[in-house]
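Observations on the model geometry
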Amino acid sequence: MVRELNALYRDEGALHRYDCEAKGFEWIDELDYQSNLISFLRKGDESDDDILIVCHFADTLREGYRIGVPEAGEYETIFSSQWKRFGGWDEVDAYPTLQSEPVEVHGRKHSLSLRLPPLSVLFMKRKYSQ
């Protein structure tokens, strides 16, 4: 897992480029203490570089959790701490890509409906529009 995280950190500029600058980070929801969740964006130079990060600290599976996303499109999972190859409970490709829906959440016009494994961290990235 550490090897994959290091490679992701190296390859995805949004995870390191603006570490010490406010423009590299944006909260989506830091207040959902009842669900034991925080979510935020690590931001890159372009919106297609941004990475959505969801941290689920509860020990229960959460189905259909809605999270606001900055833009409409297809989002792919690029990391899940609960993938089976890391000893987790989730299938490797439980949902490799999800299409956003025009449902407003967290002050954003589009959102995703997520299946969040217990005690997990999820990284998602919007697929490049061609």
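Refer to the preceding data block for the structure.
What you are looking at is a predicted structure, and each value in this text was computed from that prediction instead of being measured. (Residues numbered from 1 in each chain as written. Predicted model: local features only at pLDDT ≥ 70, side-chain atom pairs only at ≥ 80, totals over all residues. Heavy atoms only, no water.)

1. What to know about the pattern of salt bridges
One side chain can pair with another of opposite charge once the charged atoms of both are near each other. Operational definition: When a carboxyl oxygen of Asp or Glu is within 4 Å of a side-chain nitrogen of Lys or Arg, the pair counts as a salt bridge. Strands here are runs of E lasting at least two residues and helices are runs of H or I lasting at least four, both read from the DSSP assignment and numbered beginning at the N terminus. Categorising residues by exposure relies on relative accessible area from a 1.4 Å probe, with only protein chains included: less than 20% of the type maximum marks a residue as buried, more than 50% marks it as exposed, and the intermediate range marks it as partly exposed.
Per the stated rule, a full pass over the model turns up twelve salt bridges. Its salt-bridge partner being Arg126, residue Asp48 comes within 2.5 Å of it at the nearest N-O pair. Separated by 78 residues along the polypeptide, Asp48 in the loop between β2 (37-42) and β3 (51-56) and Arg126 in strand β8 (residues 120-126) bring together distant segments of the chain. Of the residues examined, Arg126 reaches a relative accessible area of 9% and is grouped as buried. Here Lys127 makes a salt bridge to Glu74, at a shortest N to O gap of 3.9 Å. Of this pair, Lys127 sits in the segment after β8 while Glu74 sits in strand β5 (residues 74-80), placing them 53 residues apart in sequence. Here Lys127 falls in the partly exposed class, since its relative accessible area comes to 32%. Each member of the salt-bridge network shares a partner with another, and the members are Glu26, Lys43 and Arg108.

2. A look at empty space enclosed by the protein
Just so we agree on the cut-off: Computed over the protein atoms alone on a 1 Å grid, cavities are sets of points where a 1.4 Å probe fits but cannot get out and pockets are open sets with protein on both sides within 12 Å along at least five of seven lines; a residue lines them when it has an atom within 4 Å of a point. Grid points are joined across faces, edges and corners, and a volume is the space filled by probe spheres set on the points. All amino acids are sorted into three groups, where Ala, Val, Leu, Ile, Met, Phe, Trp, Tyr, Cys and Pro are nonpolar, Asp, Glu, Lys and Arg are charged, and the leftover types, Gly among them, are polar.
Following the criterion strictly, the structure yields one cavity of 30 Å³ or more and no others. There is about 60 Å³ of room inside the largest cavity. Lining the largest cavity, in full, are Leu41, Ser47, Asp50, Ile51, Leu52, Pro70, Glu71, Tyr75, Met124, Lys125 and Arg126. Looking at the lining of the largest cavity, the elements with two or more residues in it are β3 and β8. With three residues, β8 is the single largest residue contributor to the lining of the largest cavity. For the lining of the largest cavity, the per-class residue count stands at six nonpolar, one polar and four charged.

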